[in-house]
Amino acid sequence: MKKTLTILSLMVLFGCSDINKKQSKKTTAKKTIYAVDNHSFAKPNEAVAKHLNLNIKVDFNKKIISGKATYKIEKKATVTKIHFDIKALVIHKVTINNYKDETDFNIVEGDEIHGDDLTITLPKNASAVTIFYETTSKTEALQFLKPEQTAGKEDPFLFTQGQAILTRTWIPIQDSPQIRLTYDATVEVPYNLMAIMSAKNGKQKSQNGMYYFTMKQAISPYLIALAVGDLEYKPLSSRTGVYAEKVTIDAAAFEFEDVEKMIVRAEMLYGKYHWEQYDIVVLPPSFPFGGMENPRLTFATPTIIAGDKSLTTLVAHELAHSWSGNLVTNATWNDFWLNEGFTVYFERRIMEAVYGKEYADMLAVIGRQDLDEGLEGLKHTPNDTKLKLNLDGRNPDDGMTDIAYEKGFLFLKTLEEKVGRPNMDLFLKAYFKEFAFSTITTEKFLNYLNANLLTPNKITFNVEEWVYSPGIPANQIKITSTKLDVVMQVIEKWEKGNIMVEEICDQDWTIQQKIHFIRNIPATISARQLESLDAHCEFTNTTNSYIAMVWFEQVIKHNYHNKHIDKKIEDFLTTVGRRWYVSTIYNALKNNGKLNYARRIYKKARKNYHSVTTNTIDNMLGL
Ligand code: BES
Ligand code: ZN
């Protein structure tokens, strides 16, 4: 700490020249002390990878990736081994410093969650290792799709999903979020397809199927990503654009039109966008998430293309990760709330700046209800409702609940109210600057918060309770939205029989109001009443995926069904693989006496889902 202060004061004295900047960066880089991360076998305090050169070929026939991963490494002089994480990979050989000198390696068997520990023997002079490998049919990160699973239906598709600990299933790597590295890659794909990565991308297909990438900023392993398909590019501004299949590209470009505006407002809030380019790739519907914040290239589900920009909060969310998550990264998965809680807070600040306070308020109220439902689901495991988690021995996915997102948001929102928005913003801007391109534990954040926001402003705040205790502290602020209050009033009238369904459908409501209305349909409303509502509002036939999801959930809860609805639900579950959507629907079926029906649909749908989704649903339906 003292050293940093001295460097800082020197920089102030002599002006912040580039040389000074570089030197101070070097000093901090050398001193990195890695935290304990029980989700990785790497021992980065002994030997750590700093740069990856990936050279791979994608084989769509065998559904594998094969090639080599070369790492520049740094190690303590006395250290004779380096550890990498691998899972379901075949390791052919390992060489040192060049591609010829083979070295011994040993695969120490781990377990179903973490995979195995690839331990490589290092001679004294080792500065690089090359691992020759290929993936297997058990790879969890990769989803190879048949042409019929894409929008164009003519070419296959491949995408990767690294978060949380899946990168090790397609690249042997030190797979801890605190181990940042730069990378470059050579990727060979069938000549008619285009490859793009979370790196500097081309805008056109190559002639021969060879693609070259560089990512010169150090990122965490879970953010290395690849997509291969019949893609096209359309720019949206000088630094933003969209990749999609031909049939989707225009709709995508329209939907994401406001992304430049979002970046401008985000930069005004929390400082420079550090990644030069911001593009979005629209993936096939089996993509298991709404969005994934791969640096420079957000991966997105096609289900957010609603035709009216109504679901683009998701873009604000993934963009916000360019600061919270990608620039300042959770050191371990126990600190996941530092990624997601900050991102939800930031996402809503961006939405407020671009679309106004009323819009952001609606999002916050919907999120508050998500939090209540999340708390209800975790009532028997109260430790999982703490912000700081203990996921030792568990799949980090278990910690990826609404708590990190919405309790994290509520904490920051409550803090904002206590300290005032100007103080909050100054603090957050400084935080992103201070910790840019580094990783952070909850403890480090709390120290920084005390030293830079609370103590200087003489503010007392129950931070410890928010972070280390289960449930929601009593000083939580009340989240309200006038637009959603109106919705609740209509529901009340409907319940009392004081409003006709026609009148409900005639309300000029936003998508968020409709979502809130559907989600809050009381249990007292009968299947007959839902039927008559549907006859007028046509929710079953909606083309908005979010509305469809919440509507199907209600339909199931109220036991309203007919051939048409059943078919719609089945179609939805067999085409969309977004985990949040499909798990909500399967869960509703399970909890409303339709477990066998759920299993029957799942049997058909499962082959279309990514492993992230099948893991969750297998558990849920007891398979
Ligand atoms: N980083 C997450 C997705 C993720 C979380 C992947 C945990 C693997 C493990 C992404 O930023 C996210 O939160 N996506 C949400 C978007 C929503 C909150 C707007 C999603 O996919 O639903
Ligand atoms: Zn997120």
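These numbers were taken from a predicted model, which means no experiment stands behind them.

Each helix and strand in the protein chain was counted, giving 20 helices and 20 strands. Over its C-alpha trace the protein chain gives a radius of gyration of 25 Å, about what one expects of a compact globule, namely 25 Å for 623 residues. The C-alpha extent of the protein chain, read off along each of the three principal axes, is 80 × 65 × 50 Å. Here the protein chain, with 623 residues, has 57% of them falling under the buried criterion. For the protein chain, the share of sequence-separated contacts (at least 6 apart) that also reach a separation of at least 24 residues comes to 72%. Element-wise, carbon and sulfur atoms account for 52% of the exposed surface of the protein chain, whose accessible area totals about 26,800 Å². Treating the 76 positive side-chain charges of the protein chain as one cloud and the 74 negative ones as another, the clouds have centres 5 Å apart.

For the structure shown, the criterion picks out one disulfide. In this model, Cys505 is linked to Cys537 through a disulfide, with the two sulfur atoms separated by 1.9 Å. Judged by the sign of its S-S torsion, about -80°, the cystine formed by Cys505 and Cys537 is left-handed. You can see Cys505 sitting in helix H13 (residues 501-506) and its partner Cys537 sitting in helix H15 (residues 527-537), a full 32 residues away along the chain.

Now for the environment of Trp170. Within the element layout of this structure, Trp170 appears in the loop between strand E9 (157-160) and strand E10 (181-188). Once the C-alpha coordinates of Trp170 and Thr136 are considered, the two residues, 34 residues apart in sequence, prove to be 8.7 Å apart.

Okay, the nonpolar core next. Core analysis: the biggest nonpolar cluster contains 202 residues, and Tyr71 and Tyr586 have the highest contact counts within it. Formed jointly, this core draws a minimum of three residues from each of two domains, domain 1 (47-137 + 158-220) and domain 2 (483-620). If near-sequence neighbours (up to four positions away) are discounted, Tyr71 is found in contact with Ala49, His51, Leu52, Phe84, Ser127, Ala128, Val129, Ile131, Ile171, Pro172, Ile173 and Leu181.

With that settled, consider the packing of aromatic side chains. Considering all chains together, one arrives at 44 aromatic pairs under this definition. The aromatic ring of Tyr99 is capped on one face by Lys68, whose charged end is 4.7 Å from the ring centroid. The cationic tip of Arg578 hangs over the ring face of Tyr581; the distance from NZ or CZ to the ring centre is 4.4 Å.

Near ligand 1 lie 15 residues; those nearest to it are Gln163, Gly290, Glu293, Glu318 and Tyr405. Contacts to ligand 1 include Tyr405, whose side-chain N or O atom sits 2.7 Å from an oxygen atom. If ligand 1 stood free it would expose 520 Å²; the protein chains cover 88% of that surface. Of all the secondary structure elements, the ones that give two or more residues to the shell around ligand 1 are strand E17 (291-292), helix H5 (313-320) and helix H6 (336-355). Across the shell around ligand 1, the residue classes break down as five nonpolar, six polar and four charged.

As a further point, take the domain arrangement of the protein chain. Looking at the assigned domains, one finds that the protein chain contains domain 1 (47-137 + 158-220) and domain 2 (483-620). On a C-alpha basis, the centroid separation for the pair domain 1 and domain 2 is 42 Å.

With mixed pairing, five strands are arranged side by side in an open sheet as E14-E15-E16-E18-E17. Each edge of the sheet is formed by a strand with only one pairing partner; in this case those strands are strand E14 (231-237) and E17. For strand E15 (residues 240-245) and strand E16 (residues 278-282), the ladder comprises four bridges, and the chain directions are parallel. Of the residues in E16, the one forming a bridge with Thr240 is Tyr278. Lying on the sheet, helix H4 (residues 259-270) is in contact with E14, E15 and E16; it crosses E15 at an angle near 140°.

When the pLDDT values of the protein chain are averaged, the result is 95; 95% of them are 70 or greater. Within the model, pLDDT remains below 50 along residues 1-29, and this stretch shows ten contacts once partners closer than five positions in the same chain are excluded.

Donor atoms from the polypeptide that bind the zinc ion (ligand 2) are His317 (NE2), His321 (NE2), Glu340 (OE) and Glu340 (OE), placed at 2.0 to 2.7 Å. Every donor counted, the six donor atoms about the zinc ion (ligand 2) form angles of 53 to 159° at the centre, which fits irregular coordination. If you list the donors of the zinc ion (ligand 2) from N- to C-terminus, the spacing comes out as H-x3-H-x18-E. For the pair formed by His317 and His321, the shared burial category is buried.

The rules behind these values
Residue positions are given per chain, counted from 1 along the sequence in the order it is written. Lettering of chains starts at A and numbering of ligands starts at 1, both following the order in which they are written. Since the coordinates come from a predicted model, pLDDT governs what is reported: local features require at least 70, and pairs of side-chain atoms require 80 or more to be given and counted, while whole-chain, interface and lining totals use all residues. Calculated side-chain values reflect all of the structure's heavy atoms, with hydrogen atoms and water omitted. Strands here mean DSSP runs of E at least two residues long; helices mean DSSP runs of H or I at least four residues long; both are numbered from the N terminus. Radius of gyration: over C-alpha atoms. The globule rule applied is 2.2 Å multiplied by the number of residues raised to the 0.38 power. Note on exposure labels: buried denotes an accessible area under 20% of the residue type's maximum, exposed denotes more than 50%, and partly exposed covers the range between, all computed with a 1.4 Å probe on protein chains only. Every residue pair with non-hydrogen atoms within 4.5 Å of one another is taken to be in contact. Areas reported here follow the Shrake-Rupley algorithm with a probe of radius 1.4 Å; residue values treat only the protein chains shown as occluding. By the counting scheme adopted, Arg and Lys are positive, Glu and Asp are negative, and His together with the chain ends is not counted. The location of each charge is read from NZ of Lys, CZ of Arg, CG of Asp or CD of Glu. Here, the term disulfide refers to a pair of cysteine sulfur atoms separated by no more than 2.5 Å. In this text, buried Ala, Val, Leu, Ile, Met, Phe, Trp, Tyr and Cys residues form a nonpolar core when linked through side-chain atoms within 4.5 Å. Annotation comment: domain bounds sourced from an automatic or database domain assignment. In this scheme Phe, Tyr and Trp rings, the latter by its six-membered ring, pair at centre separations within 6.5 Å, and the angle between planes marks the pair as stacked below 30 degrees, edge-to-face above 60, and tilted otherwise. Ring-over charges, as used throughout, are those where CZ of Arg or NZ of Lys falls within 6 Å of the ring centre and within 35 degrees of the ring normal. Each residue is tested against the molecule or strand, and it is near if at least one of its non-hydrogen atoms lies within 4 Å. Under this definition, polar contacts are N or O atom pairs within 3.5 Å; protein pairs additionally need one hydrogen-donor-capable and one acceptor-capable atom, and for neighbouring residues in sequence, both atoms have to be side-chain atoms. Think of it as three bins: nonpolar holds Ala, Val, Leu, Ile, Met, Phe, Trp, Tyr, Cys and Pro, charged holds Asp, Glu, Lys and Arg, and polar takes everything else, Gly as well. A pair of strands is treated as paired once DSSP finds two or more bridges between them. For helices, the fitted axis covers only the stretch in contact; all axes are lines through C-alpha atoms, and the angles between them, taken along N-to-C directions, range from 0 to 180 degrees. Each residue carries a pLDDT score, the predictor's own confidence in it, on a scale running from 0 to 100. Each metal's donors comprise the N, O and S atoms found within 2.8 Å of it (within 3.2 Å for Na, K or Ca). Water is not part of the atom list, so some coordination spheres may appear incomplete. Between 85 and 135 degrees for all angles marks four donors as tetrahedral; over 155 degrees for opposite donors together with 65 to 115 for all other angles marks four donors as square planar and six as octahedral; every other arrangement is irregular.

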